[in-house]
Amino acid sequence: MNISRRGFSKLLASASLLPLVGSAGLVHASQPEPVTLRYLASQGGLAAHELADALGYFDNTGIKLENKGYAAGGPASLFALASGDIEIGSAATAAVLNSIAGGNDFVAAYPSNGITKDVESIFYVLEGSPIKSIKDLVGKTIAVNTLGAHLDYTVREALHAAGLPEDAAKLVVVPGPQLEQVLRSEQVDVAAFGYWQSTFEGVARKNGGLRKVFSDTEVLGEIAGGFVVLRRDWIGEHPQAAKTFVEQSAKALDYARENPDETKKLIAEVLATRGENPDIAQYFAGYGVRAGGLPVERDLQFWIDVLVRGGTLKEGQIKVADVLFDPAKLAGAVN
């Protein structure tokens, strides 16, 4: 907390009129706990907590964010979170649940993105491609940003819904900035641009010559695409910081929906400071998250059911209420 010299003198004068113990308690209570949260960024965009930081929402809260580099994908982010290298993870919902099932005590803090008709992952082919529908994906190569995450599970679910084996297509890992290139050079049959990669998708669409085959919205319906994740033990040690972090990040999600042009400008500024191309910020499509950044049970339950169907989870092994961040549970600790 920043206090001017004059303000500090007044504070001392007021404190001198109070009992010593009371004044010390007063000063201590007015200063939030200083907490640094390390995270891995994603190329081509900002997470809501990064946007909140750029907007000054964490000023005077004691919270400081520290960028520790880039994540190759959600699973890599969760691995770093589990190992204690960072405090903020971010991944597709299925990847988060898989990680929890594997023994990591994670909490889904807030939806990082949502899938809607306006914000969605799009699977593109070249205009002359013979691929017209999901059934044509059999034996084809699809570029995704990482395995074991959202695009991977979307392909599996699409093939399953079409009555095909979930492994009927071949997935290869391609970083977001290279998706358009590998498709146009015909190194892959399909390029999947994730909902969080709308900046790269916008550039590819503008360049023309591509055709949409399907989107994740058509396969999954409107649903949270992924979650920002915290460790449960960290939340227990820093309940007020956790509550503030989630609230201010959700506030940034609302800001982005209500102020799209200003948000694009901020994203461009941050991308420039990171040495990325700021021009792609104009294609940011939004986060696609409900007002208030609120999740609903289906955001998690849908994928729990999918994982149970595939044998990754046992029935009842993970319950939504046990893994979803609930500020009410922290009320006694932070009031």
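First, a word on what this report is: a plain description of the structure on this page. Remember, predicted model here, so these are calculated numbers, not experimental data. (Residues numbered from 1 in each chain as written. Predicted model: local features only at pLDDT ≥ 70, side-chain atom pairs only at ≥ 80, totals over all residues. Heavy atoms only, no water.)

### A look at helix 12 (residues 260-273)
Side chains three or four residues apart in an α-helix point the same way, a direct result of the helix having 3.6 residues per turn. Selection criterion: Helix and strand assignments follow DSSP, with helices taken as H or I runs no shorter than four residues and strands as E runs no shorter than two, numbered in order from the N terminus. How far a helix is expected to stretch is found by multiplying one less than its residue total by 1.5 Å.
Compared with the 20 Å implied by 1.5 Å per residue over 14 residues, the 20 Å span of helix 12 between its first and last C-alpha is a close match. In the stretch just after helix 12, Gly 275 is the one whose phi turns positive, near 80°.

### What about the environment of Phe 200?
This is how the line gets drawn: For the exposure calls, accessible area comes from a 1.4 Å probe over protein chains only, and a residue counts as buried if that area is under 20% of its type's maximum, exposed if over 50%, partly exposed in between. Contacts between residues were defined by any pair of non-hydrogen atoms, one from each residue, lying within 4.5 Å.
Locating Phe 200 in the fold gives a position in helix 8 (residues 198-207). We classify Phe 200 as buried; its relative accessible area is 13%. Separated by 83 residues in the primary sequence, Phe 200 and Tyr 283 have C-alpha atoms spaced 7.7 Å apart. Excluding its chain neighbours within four sequence positions, the residues that come into contact with Phe 200 are Gln 43, Gly 44, Gly 176, Pro 177, Phe 193 and Ile 280.

### Some points on the packing of aromatic side chains
The line we're drawing: Put simply, two rings from Phe, Tyr or Trp (the six-membered ring, in Trp's case) pair if the centres are within 6.5 Å, and we call them stacked under 30 degrees between planes, edge-to-face over 60, tilted for the rest.
Throughout the structure, instances matching the rule amount to 8 aromatic pairs. Look at Tyr 110 and Phe 245: their rings are 6.2 Å apart centre to centre, the planes differ by 55°, and that puts the pair in the tilted class. Within this pair, whereas Tyr 110 is found in strand 4 (residues 106-115), its partner Phe 245 is found in helix 11 (residues 239-258), the two being separated by 135 residues in sequence. Both residues of the pair, Tyr 110 and Phe 245, count as buried. Ring geometry for Phe 123 versus Phe 214: centroids 4.2 Å apart, planes at 10°, classification stacked.

### Points about helix 8
Among the residues of helix 8, those classed as buried are Ser 198, Thr 199, Phe 200, Glu 201, Gly 202 and Ala 204. Where the residues of helix 8 are buried, they touch strand 5 (122-126), helix 7 (179-184), strand 8 (190-193) and strand 9 (210-215). Gly 208 sits one or two residues past helix 8 and shows a positive phi near 75°.

Fair warning: the whole summary comes from geometry, so function is off the table for now.
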